[in-house]
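Chain by chain, the residues:
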Amino acid sequence: NAGVMQNPRHLVRRRGQEARLRCSPMKGHSHVYWYRQLPEEGLKFMVYLQKENIIDESGMPKERFSAEFPKEGPSILRIQQVVRGDSAAYFCASSPSPGGYSGELFFGEGSRLTVL
Amino acid sequence: QQPVQSPQAVILREGEDAVINCSSSKALYSVHWYRQKHGEAPVFLMILLKGGEQKGHEKISASFNEKKQQSSLYLTASQLSYSGTYFCASTGRGGATNKLIFGTGTLLAVQP
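Draft legend 1. Examining the layout of surface pockets more closely. Of the voids in this model, the largest pocket is the one considered here, and its volume is about 670 Å³. If you list the elements that add at least two residues to the lining of the largest pocket, you get β9 (88-95) and β11 (111-115) of chain A together with β9 (84-92) and β11 (106-111) of chain B. Of the residues assigned to the lining of the largest pocket, the class counts are eight nonpolar, 15 polar and six charged.

Structure representation (C-alpha cells):
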C-alpha cells in the first residue's frame, strides 16, 4: 500500500510565477491536510479538505493560496504570484477518518518550494 | 492555540534519558506525538485521549495529565536513532474540524 505521494519533491519558481503542489493520499483515505514548514520551524496548519469539500481553511493566507481535492485525482495546493516568503516545505497528510480525533496522520515526504 | 514545548533543544549521550513537555493553556481533546528527522516527513509516535492516560513501551512512552493540559514524552536509554525534532500536536474540544495544531517542537540530538 503506497504511502502519501507528493510531487514535485522540489520546485523552483521565480517571483510572480505560479506553483502547483500535488498530493495523492493513501488508498482509502478521504481526509487531506496541508501544512507549511519554514526552515527550522514547526508545522503550520493551512487547510483541511475532504473529497470535493474544503472543511477548514483557517490557516490559508487570504490571497494567492488555494486548495482543492477533486472527486478524482490528487489534492492540489496552488500558490499564485509567488514571493520569496513562500519558500518553505509543504507537507500533505492524509487519514481514513478525521485525524485529530481518532488517530494518526500519514505524511508525505513534502514539496520544497524555493522562490528566487 | 499552539501548544508550547520544553525544552527547545536537548543534547544527550547514548543511553541517557530525556523528557519533553507539551503544555496548553486550555484543555486538549487529544494529544499526539510525532518525530521528524531532518529533511523527512513527520512520523506518528502515539496518541493519548484520556486524562491520566499513559501509553507507550519501555523505551518511548508518554503521559497526559488529569486536566488534559499537559503531556510529557519520555525517552529512555536513548539511541542514536532517536535524534530528530519531536512535536506534540493537539486538537481542541469541539469545533467543526479536526485539524491538528502542532507544538513549537523540541530538537533532540543523541551523540555516541
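Draft legend 2. Molecular detail of the nonpolar core. Counting residues in hydrophobic clusters, the biggest one holds 23 residues, and the most contacted among them are Trp34, Met46, Leu77 and Tyr90 of chain A. Of all elements in the fold, only β3 (19-24), β4 (31-37), β5 (43-50), β7 (65-68), β8 (75-79), β9 and β11 of chain A reach the threshold of two or more residues within this core. Membership of the second largest hydrophobic core comes to 20 residues, among which are Leu12, Ile20, Leu75 and Val110 of chain B.

Draft legend 3. The side chain of Gln5 of chain B, seen in detail. Residues and elements named next belong to chain B. Looking at the secondary structure, you find Gln5 in strand β1 (residues 4-6). Residue class for Gln5 comes out buried when judged on its relative accessible area of 3%. A distance of 3.2 Å separates polar atoms of two side chains, one belonging to Gln5 and the other to Thr106.

Draft legend 4. Quick look at the pattern of salt bridges. One pass over the full model with this rule turns up five salt bridges over all chains. In this structure, Asp56 of chain A engages Lys99 of chain B in a salt bridge whose closest nitrogen and oxygen atoms are separated by 3.2 Å. Of this pair, Asp56 of chain A sits in strand β6 (residues 53-56) while Lys99 of chain B sits in the loop between β9 and β10 (101-102), on two different chains. Note that Glu53 of chain B and Lys55 of chain B form a salt bridge whose closest N and O atoms lie 3.8 Å from each other. On the basis of relative accessibility, which here comes to 19%, the residue Glu53 of chain B falls in the buried class. By relative accessible area, which is 35% here, Lys55 of chain B ends up partly exposed. Through salt bridges with shared partners, a single network forms among Glu18, Arg20 and Arg78 of chain A.

How each quantity is defined
- Residues numbered from 1 in each chain as written.
- Chains lettered and ligands numbered in written order.
- Predicted model: local features only at pLDDT ≥ 70, side-chain atom pairs only at ≥ 80, totals over all residues.
- Heavy atoms only, no water.
- 1 Å grid on protein atoms, 1.4 Å probe; cavity = no way out; pocket = protein on both sides within 12 Å on 5 of 7 lines; lining within 4 Å.
- Points joined across faces, edges and corners; volume = space filled by probe spheres on them.
- Helix = DSSP H or I, 4+ residues; strand = E, 2+ residues; numbered from the N terminus.
- Nonpolar A, V, L, I, M, F, W, Y, C, P; charged D, E, K, R; others polar.
- Core = buried A, V, L, I, M, F, W, Y, C linked by side-chain atoms within 4.5 Å.
- Buried < 20%, exposed > 50% of the residue type's maximum accessible area, 1.4 Å probe, protein only.
- Polar contact = N/O pair within 3.5 Å; in protein donor to acceptor, adjacent residues only side chain to side chain.
- Salt bridge = Lys/Arg side-chain N within 4 Å of Asp/Glu carboxyl O.

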